[in-house]
Amino acid sequence: MTEFAAVRFTVPKHLRVMVASDAKPDGVAVMKPDSSALEVKGLTKRFDRLAVDSLDLTIHAGEFYALVGPNGAGKTTTLRMVAGLLRPDGGAVSIFGIDALQSPVAAKQVMAWVSDEPMIYDKLTPLEYLEFVAGLWGIAPSVSQPVAQDLLESLGLAPHRHERCEGFSKGMRQKVALAGALVHDPRLIILDEPLTGLDAVSARHVKGLLGMRVRAGCTVIMTTHILEVAERMADRIGVIASGRLVAEGTLTELRQQNGHADTSLEDLFIALVTLPEAA
Amino acid sequence: MSSATALSWFARHELRLAWREWFAMMTGGRRKRTRAAIIGLICFAALLHLPAWAVIGRFADLRLPLDKSTLIVISATIFLAWTLMLSQAIESVTRVFYARADLDLIMSSPATLANLFSVRIAAIALSVTAIAVLFSTPFIDVLVIGGGARWLAAFGVVVAMGLSAAAIAIAVTILLFRLIGPARTRLIAQILAAIIGAGFVIALQVAAIMSYGTLSRFTILTSGTVAAHAPDIDSIWWGPARAVMGDSEALLLLLALALVLLGSVMAMFSHRFADTAIDAAPYGIPGSRRAKERPFRTGSRQQALRRKEFSLLWRDPWLISQTLMQLLYLVPPALLLWRNFADSSAALTLITPVIVMAAGQLAGGLAWLTISGEDAPDLVATAPLTPSGVIRAKIEVVLIAITVIFCPLVAALAFASPYQAAVSAAAIIVSAASATAIQLWFRVQARRSQFRRRQTSSRLATFAEAFSSIGWAASAALLLALPIAGLICGLITASLVAITWKFSPRREP
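About the cut-offs
- Positions within a chain are numbered from 1, following the residues in the order the chain's sequence is written.
- Chains carry letters from A onward and ligands carry numbers from 1 onward, assigned in written order.
- With the structure being a predicted model, the display of local features is reserved for residues of pLDDT at least 70 and the display and counting of side-chain atom pairs for 80 or more, all residues being used for whole-chain, interface and lining totals.
- Side-chain measures were taken over the full set of non-hydrogen atoms in the model, leaving aside hydrogen atoms and water.
- Put simply, DSSP H or I for four residues or longer makes a helix, DSSP E for two residues or longer makes a strand, and each gets a number counted from the N terminus.
- We call a residue buried when its accessible area falls under 20% of the maximum for its residue type, exposed when it is over 50%, and partly exposed in between, using a 1.4 Å probe and counting protein chains only.
- Using a 1.4 Å probe, accessible areas were evaluated by the Shrake-Rupley method; residue-level cover was limited to the displayed protein chains.
- Strand pairing requires that DSSP identify at least two bridges connecting the strands.
- One side-chain nitrogen of Lys or Arg within 4 Å of one carboxyl oxygen of Asp or Glu is enough to make a salt bridge.
- Contacts are residue-level and defined by heavy atoms, with any inter-residue pair within 4.5 Å sufficient.
- Values labelled buried area give the accessible surface lost by two parts on being combined, using a 1.4 Å probe and summing over both.
- Within 3.5 Å is the distance limit for a polar contact, defined as a pair of N or O atoms, with the added protein rule that one can donate a hydrogen and the other accept it, and that residues adjacent in sequence qualify only through two side-chain atoms.
- Three classes are used, and their members are as follows: Ala, Val, Leu, Ile, Met, Phe, Trp, Tyr, Cys and Pro are nonpolar, Asp, Glu, Lys and Arg are charged, and the others, Gly among them, are polar.
- UniProt positions are given in the numbering used here, feature names are shortened, and annotations may be inferred rather than shown by experiment.
- When the centres of two rings from Phe, Tyr and Trp lie within 6.5 Å, Trp using its six-membered ring, the rings pair. Their planes under 30 degrees apart give stacked, over 60 give edge-to-face, and anything left gives tilted.
- The angle between two axes is taken between their N-to-C directions and runs from 0 to 180 degrees, where each axis is a line fitted to C-alpha atoms and a helix contributes only its stretch in contact.

Visitor: I'd like a rundown of the overall build of chain B, residues and numbers included.
Guide: Looking only at helices and strands, chain B features 20 helices and 0 strands. The 509 residues of chain B split such that 45% are buried. A total accessible area of about 24700 Å² is found for chain B, and carbon and sulfur atoms account for 70% of it.

Written out as structure tokens, the structure is:
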């Protein structure tokens, strides 16, 4: 996770409080991935073709997990089922031990979803948007207001906090959506291509904030087409093709599985995803 | 490619786009529905001949020369149609300015922009005219069948009206841009379109109420007072009325005037069209609309949802213009109520159907905006709330808004006639609930900005919503005058709503 070190961020006040309980002497908490944040078993979804095929996936708490795969591989469908946006045809989803299919409300309370297309309200200001999101998650205003202010500050949106979002650029909108996902302090953050369309500075802001969350003990699952991001940021990488998980592990483990110690993730990815397609 | 060829090519491109937009609106964007849309359109056009016959059939035998009173009625009808066209044209022009679509491509091309935008202005005029011709055809048909081919001249008058309405709309919108800026023009233009569309009818009704205590606008038009103040029979002001009756000289003059007007607007404004479009593009840049800092509010999750919906409704320019229009329509009955306050005249009964229908229509629009028009569906779907809780909060918003708008009128009515107020209140609730239920059954995920196209998602829902509002309005009116008939009408309307539910798409539990 070398990239995080390069980004200078002010740790939001609420995170500093959260971090303090698990703090190491240098002020950065690192939670051990000793329990599962997400457990998916036999997850299946069929549209006109099989989109997700009996997928098994386990992601540990405090882990940064990148899900990569070619277009149409089933990444977004998998995550949408996990987030409760799509009903699976079969299988089970457990989030921190909560059965997400049986108790969706309880599962949603601890997670946040950010899609590739930032969906925010044009006629609300960023601060009003965050107030709404905090209200939906039932966060007390005395807690959520300072968190919202800190988030907008750390994402560089503070000067625009009272302006309606209708004129915001894609990057600004994505940052507002990300702030919305973080304002209720979720334990699991699911992001679908969060860096699509962002400029380098905005992308760095987002990556920095996510890294900081992981260091504070949050679990992050992210789909991305940018393999370099997965390579630099993720603790583990899952490669999905034709709705199945074809490989999983740290970058070193993936290299070992493929038998090339010094190969790039791009080469590994191409080798892995072309196999099931050829089959 | 020569300049003339390029222009004709661009004209063809514009017409093709206009045709495809109209076709998509008719078929809901699904090509498979083409045959159904054509059959539906033919049936609708055939059906429209019936009300056309009822409204205009008795005038088919009219011949020149006409008396002053008839000239006034025909001229007022033409002017009313023209204001409706103007209202629609202002809406179309505003849409062209604010929809970026191909503006980047056009403005980055090496073509002469003034020429291209002249073509675009002409295309707007043609589309406004085409729609006007389409809607006026059943009425003119009735006159031609009943009174002969001389009535075909009315098509020429409709064309002249369409061209002139488009020309005035373009001039007004560009002037609004210059005067108040692009940020405010969209809202003001929508309000202006609503006021122009409804204003003339309402003004006539207000005048009729003030002078004769009736809602009928014809009372004022056929009165001696208006005839006394109107120009002489041979005045040029009666040109449009004479042109409709087949006076070829008047018709040619009218067409020439409309073309000159459109040509002048094209010459004067086509080079400013590009500037206006450029100004409109960054509308809503950060800093244009600011909100005050205030502390976050406490409350339940449903309250957070309701607050969000109220904020968005309050900031919705379409809704403001539509509500304003509904309120404008309520001015005549309110005036009638005031005039007949101490009196239990039959005229007072007319208030009930008007407000019940307005409540149904407004509730339908509000319900679409809150239930279907969700700009952040993923956020709401991933929030720790049950789907039924979300829907309930949204329905509450619609019903609260309707209550706030219509309560003062019902309260005033209660002083004049408590029974009528009770019937009106019940009918308002049922009408609003029916329209909301129909929108709920036929909900489709859409952005709020797609409101204009909400009718295309389901024709059945659109017609059911309109018929339920009319049905409940009629039931309430009949209940006051003839209770048994009111009950029967209410049962028929309830059956219609039930049938609509039966045909609504099934959803996952």
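Now that the structure has been shown, the text picks up again.
Visitor: Residues and numbers for the sheet that holds strand 4 (residues 90–95) of chain A, please.
Guide: All names here are of chain A. Strand order in the open sheet made by the 4 strands is 2-1-4-5, with antiparallel pairing throughout. Whereas interior strands pair on both sides, the edge strands pair on one side only; in this sheet they are strand 2 (50–60) and strand 5 (98–99). Relative to strand 4, strand 1 (residues 36–46) runs antiparallel, the two sharing 5 bridges. The partner of Leu38 across the bridge, within strand 4, is Ile95.

Visitor: I'd like a rundown of the pattern of salt bridges, residues and numbers included.
Guide: A complete count under the given rule lists 17 salt bridges over all chains for this structure. The salt bridge partner of Glu128 of chain A is Arg315 of chain B, with a shortest N-O separation of 2.7 Å. Separated into two different chains, Glu128 of chain A in helix 5 (residues 126–136) and Arg315 of chain B in the loop between helix 12 (301–314) and helix 13 (317–339) make up a pair that spans both. The salt bridge involving Lys308 of chain B is made with Glu374 of chain B; its shortest N-O contact spans 2.9 Å. Here Glu374 of chain B lies in the loop between helix 14 (351–372) and helix 15 (377–382) and Lys308 of chain B lies in helix 12, a separation of 66 residues in the sequence. Overall, Glu374 of chain B belongs to the buried group, its relative accessible area being 5%. Taken together, the shared-partner salt bridges connect Lys308, Glu309, Glu374 and Lys394 of chain B into one network.

Visitor: Residues and numbers for the interface of chain B and chain A, please.
Guide: Contact residues are listed per partner, giving 40 residues for chain B and 42 residues for chain A. Here chain B meets chain A over a buried area of about 3800 Å², counting both sides, of which 57% is carbon and sulfur. Joining chain B to chain A, the criterion identifies 3 salt bridges. Of the charged contacts in the structure, one is a salt bridge between Asp378 of chain B and Arg80 of chain A, with a shortest N-O distance of 3.2 Å. Taken together, the links from chain B to chain A amount to 11 residue pairs in polar contact (both at pLDDT 80 or more). Only helix 12 and helix 15 of chain B provide two or more residues apiece to the side of chain B that touches chain A. Per-class residue counts for the side of chain B that touches chain A are 19 nonpolar, 7 polar and 14 charged.

Visitor: Can you lay out the UniProt feature "transmembrane region" (unreviewed entry) in chain B for me, pointing to particular residues and giving the numbers?
Guide: Sites flagged by UniProt as "transmembrane region" (unreviewed entry) map to residues 70–90, 117–140, 152–179, 191–212, 250–269, 397–416, 422–444 and 480–501 of chain B. As annotated, residues 152–179 of chain B has a helix share of 96% and a strand share of 0%, and its two end C-alpha atoms lie 41 Å apart.

Visitor: Quick one: what's the story with the packing of aromatic side chains, residue by residue and with numbers?
Guide: Counted under the stated rule, the structure contains 4 aromatic pairs over all chains. When the centroid spacing of 5.7 Å and the interplanar angle of 75° are considered together, the rings of Tyr121 of chain A and Phe132 of chain A count as edge-to-face. Here Phe132 of chain A lies in helix 5 and Tyr121 of chain A lies in the loop between strand 6 (111–114) and helix 5, a separation of 11 residues in the sequence. Both residues of the pair, Tyr121 of chain A and Phe132 of chain A, count as buried. Seen in terms of ring centroids, Phe79 of chain B and Trp82 of chain B are 6.1 Å apart; in terms of plane orientation they differ by 25°. Their pairing is stacked.

Visitor: Now, about the sheet that holds strand 10 (residues 244–249) of chain A: what can you tell me, with residues and values included?
Guide: Residues and elements named next belong to chain A. The mixed open sheet is built from 6 strands, whose spatial order is 6-7-8-3-9-10. The sheet is open, and its two edges are formed by strand 6 and strand 10, each paired on a single side. Averaged over all neighbouring strand pairs, the angle between strand axes comes to 15°, with direction disregarded. As judged from the 4 bridges shared by strand 6 and strand 7 (residues 188–192), these two strands associate in the parallel manner. What sits directly across from Val114, in strand 7, is Leu191. Together, strand 3 (64–68), strand 6, strand 7, strand 8 (219–223) and strand 9 (236–241) form the strand contacts of helix 3 (residues 75–82), whose direction differs from that of strand 7 by roughly 145°. Against the sheet, helix 8 (residues 200–215) contacts strand 3, strand 7 and strand 8, and its axis sits at roughly 145° relative to strand 8.

Visitor: Let's hear about the side chain of Thr44 of chain A: which residues, and what values?
Guide: All names here are of chain A. Tracing the backbone shows Thr44 in strand 1. The exposure class of Thr44 is buried, given its relative accessible area of 18%. A distance of 3.3 Å separates the side chain of Thr44 from the backbone nitrogen of Ser54, its partner in a polar contact. If near-sequence neighbours (up to four positions away) are discounted, Thr44 is found in contact with Leu50, Val52, Asp53, Ser54, Met81, Pro88, Asp89 and Gly90.

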